[in-house]
Amino acid sequence: MTTVLRPLSTLTTGAPHPATPVKIDVQGMNFYYGAKQALSDITISLNANVVTAFIGPSGCGKSTFLRTLNRMNDIIPGTRLEGRITIDGEDIYAPSTDVVGLRRRVGMVFQKSNPFPKSIFENIAYGLRINGLATSRSDMEGRIEESLKAAAIWDEVKDRLTESAQALSGGQQQRLCIARALAIQPEILLMDEPASALDPIATQRIEELIYELKSTYTIVIVTHNMQQAARVSDRTAFFWLGRLVESGPTATIFTNPAEKLTEDYVTGRFG
Amino acid sequence: MTRQTQRWVEWLIERALLLCAAGSVLITAGIIGALAFETVSFFREVPITEFLFGTVWTPLFYDAQFGVLPLVGGTILVSVIAMAVAMPAGLLSAIYLSEYAPPRVRRVVKPVMEILAGVPTIVFGYFALLFVTPLLQRVLPDLALFNALSPGLVMGIMILPLVSSLSEDALHAVPTGLREGAYALGATRMQAALRVVVPAAFSGISASFILAMSRAIGETMIVAIAAGQQPRLTANPLQPVETMTAYIVQVSMGDMPTGSIGYRTIFAVGTLLFLMTFVLNLISDWLRRRFREQYA
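Residues numbered from 1 in each chain as written. Chains lettered and ligands numbered in written order. Predicted model: local features only at pLDDT ≥ 70, side-chain atom pairs only at ≥ 80, totals over all residues. Heavy atoms only, no water.

Q: What am I meant to see in the overall build of chain B here?
A: Scanning chain B for helices and strands turns up twelve helices and zero strands. Considering only C-alpha atoms, chain B reaches an extent of 75 × 70 × 35 Å along its principal axes. Relative to its full complement of 296 residues, chain B shows a buried share of 46%. Across chain B, contacts joining residues at least 24 apart in sequence account for 71% of those joining residues at least 6 apart. In the structure as shown, chain B presents an accessible area of about 15,300 Å², 69% of it carried by carbon and sulfur atoms. Distance between charge centroids for chain B: 11 Å, based on 19 positive and 17 negative side chains. (Helix = DSSP H or I, 4+ residues; strand = E, 2+ residues; numbered from the N terminus. Buried < 20%, exposed > 50% of the residue type's maximum accessible area, 1.4 Å probe, protein only. Contact = heavy atoms within 4.5 Å. Areas by Shrake-Rupley, 256 points an atom, 1.4 Å probe, with all protein chains shown as cover. Lys, Arg positive; Asp, Glu negative; His and termini not counted. Charge placed at Lys NZ, Arg CZ, Asp CG, Glu CD.)

Written out as structure tokens, the structure is:
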């Protein structure tokens, strides 16, 4: 990162501990790819309307953890989870869980932007249609405009909604994917390194967007970039070798962490 | 071996390999040349417009007429029936294999289905004539012994593995990220498969359809055995028809004197057949290349 958009010294982290209710609660969770254990004994609570950043070196399990929260790992054969994850007190790994319904509530933005090979309009319309959210053509158009505006891309695409989404730039594609996720009105937004493939300007736009979305959504963001974690998140969790080393208010994690390992990582001594 | 002999052997091998490669190209060129030569001689005697637009094909009669449309019509009729079987069944089985089947099932079913493609076509031909036609006649009493329907259906089964296998390759090549994007929006497996993965693989799937169509048009034994030898311009699949390939077989097996106009008809029909399948293959190739570029 060459552009530091906001210096670390001016962290705006709000209250030291958020006063919002717990949205996601994880208790003693272990996760396996076949015989290989990827996450060990994770226990953490994430509060509503708070941005939580997961940081840690490559392969530490932060993305895997993110993907357990909407059961996206289910589509990988041979994966297994132990422990308990609840959202609003509901066990999302209970046998009775409606996985499709869960994913509707827990939206996701991926590391590599993945617009469908359809028009910009159809990219957003897809989620609305499969979930039966639009009552009419004008309702559909209204919702599409609203979500494109929420993802701060409306002005750039409003005159070319019928063009292919794949003609957009990388940063625009990623904001379209965010708009697509927002259109179905999830409660939680998972973001897996959403800006890792983007240039500094596009990254800044995504970060500003996260800041704005916080009032409506509970956001969990995985990032490689510590300045980014510091800039966008209220709370930070540091992972190392499949373990949660420590979590807390972002300011504390970056300036006064309890663990030596965390301090070494955030000060760039390894990773 | 000395360095000198080694180099000489190397030179010899290189030349031998070049000769082999050049040989197959030259032979192909020779075949096309022979086809073109006889076709040109044919069109010296028969105007090309009569050949292409005439609706009566009686080249062996005293009052010979050379309208190729009945043969083209018979070919298309049988091929369309075959495609009506192979496209939906092939695509559905490809969707099952790519999106639903556990990897273990896929590993077994795919090669087994490809074995179907290795059954000699003459077996399919007798299967159509001696098994499928009598079976169909129980339901359709009007069905002639030789007809377009039965070989069409059997040909559909024959090209089904081609459609299924190539479509499955196309579906499989669609990036996982697109599926995950759909699932993340609350899509069911079917909503992801039908509305995201299949459209994303569209050009690859159409390439498989067109290649299968080309195979159906060029297929010979099934129709020669089970479709009949009556050139007839009809859309009724219950009647006997003659396809272009079946006509070529009929004349080649007969005692047509070399150099006669009847003899030259098979080259004219052969050239037309070659052009039809060649164009379809080009389209299929172009679609496949476009598909590959999309997800390179």
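Q: Would you mind going over the pairing of strand β3 (residues 51-55) of chain A with me for this structure?
A: Regular strands place their side chains on alternate faces of the sheet. Residues and elements named next belong to chain A. Where burial is concerned, most of β3 is hidden: five out of the five residues are buried. Neither face of β3 is open: one carries Val-51, Ala-53 and Ile-55, the other Thr-52 and Phe-54, and all of them are buried. Pairing of β3 with strand β8 (residues 218-222) involves four bridges; the strand directions are parallel. The partner of Phe-54 across the bridge, within β8, is Val-222. Both β3 and strand β9 (residues 235-240) contribute to a ladder of four bridges, which runs parallel. Each residue of the ladder has a partner; that of Ile-55, found in β9, is Phe-238. (Pairing = 2+ DSSP bridges.)

Q: Sorry, what's going on with the pattern of salt bridges here?
A: Once the charged atoms of two side chains with opposite charge are near each other, the side chains can pair. All names here are of chain A. Under the definition given, this model contains 27 salt bridges over all chains. Note that Asp-91 is salt-bridged to Arg-84, the shortest N-O span being 3.7 Å. Judged by its relative accessible area of 23%, Asp-91 falls in the partly exposed class. One salt-bridge network, in which partners are shared between bridges, spans Lys-23, Asp-88, Arg-105 and Glu-187. (Salt bridge = Lys/Arg side-chain N within 4 Å of Asp/Glu carboxyl O.)

Q: Is there a simple way to explain the interface of chain A and chain B in this structure?
A: Interfaces are often sized by the amount of accessible area the parts lose when they come together. Facing 23 residues of chain A, the contacting portion of chain B comprises 19 residues. Of the roughly 1,700 Å² buried where chain A meets chain B, counting both sides, 66% is carbon and sulfur surface. Sorting the residues of chain A by area buried against chain B places Pro117(A), Tyr126(A) and Ile130(A) first, and these three jointly supply 30% of that buried surface. A salt bridge links Arg67(A) to Glu180(B); its shortest N-O distance comes to 2.8 Å. In this assembly, chain A and chain B are joined by five residue pairs in polar contact (both at pLDDT 80 or more). Elements that contribute at least two residues to the side of chain A that touches chain B include exactly α2 (99-105), β6 (106-109), α3 (120-130) and α6 (170-183) of chain A. Per element, the largest residue contribution to the side of chain A that touches chain B is four residues, and it comes from α3(A). Partitioned by chemical class, the residues of the side of chain A that touches chain B number 13 nonpolar, four polar and six charged. (Buried area = accessible area lost by both parts, 1.4 Å probe. Polar contact = N/O pair within 3.5 Å; in protein donor to acceptor, adjacent residues only side chain to side chain. Nonpolar A, V, L, I, M, F, W, Y, C, P; charged D, E, K, R; others polar.)

Q: Even after reading the chapter, I still don't get unusual backbone geometry, so can you show me in this structure?
A: For residues besides glycine, phi is generally negative; the peptide bonds are generally trans as well. Residues and elements named next belong to chain A. The backbone of Arg-71 sits at a positive phi, close to 55 degrees, despite the residue not being glycine. For Arg-71, the position within the fold is in the loop between α1 (62-68) and β4 (79-87). Its identity as a non-glycine residue notwithstanding, Leu-241 has a phi of 50 degrees, on the positive side. Of note, Leu-241 is situated in the loop between β9 and β10 (243-249). With relative accessibility at 60%, the residue Leu-241 sits in the exposed group.

Q: Explanation requested: the environment of Thr5(B) in the structure shown.
A: Examined against the element boundaries, Thr5(B) turns out to sit in helix α1 (residues 3-45). When its relative accessible area of 38% is taken as the criterion, Thr5(B) is described as partly exposed.

Q: How do you make sense of the packing of aromatic side chains when you look at a structure like this?
A: Each aromatic ring pair is characterised by the separation of its centres together with the angle its planes make. Residue and element names in this part refer to chain B. Inspection of the entire model under this criterion finds 16 aromatic pairs over all chains. Here the aromatic rings of Phe-42 and Phe-66 are separated by 5.7 Å at their centres, their planes lie at 80 degrees, and the arrangement is edge-to-face. Of the two residues, Phe-42 is situated in helix α1 and Phe-66 in the loop between α2 (48-53) and α3 (69-100); the sequence distance between them amounts to 24 residues. Each of the two residues, Phe-42 as well as Phe-66, counts as buried. (Phe/Tyr/Trp six-rings, centres within 6.5 Å; stacked < 30°, edge-to-face > 60°.)

Q: Could you clarify how one ought to interpret the domain arrangement of chain B in this entry?
A: Residue and element names in this part refer to chain B. According to the domain assignment, chain B consists of domain 1 (3-44) and domain 2 (58-290). Using only C-alpha atoms to locate each centre, domain 1 and domain 2 end up separated by 32 Å. Facing seven residues of domain 1, the contacting portion of domain 2 comprises ten residues. A combined buried area of about 770 Å² lies between domain 1 and domain 2, and 78% of that area is made up of carbon and sulfur atoms. In terms of surface lost to domain 2, no three residues of domain 1 exceed Leu-35, Glu-38 and Phe-42, which account for 70% of the buried area on that side. Between the two partners, domain 1 and domain 2, sit one salt bridge. (Domains from an automatic or database assignment.)

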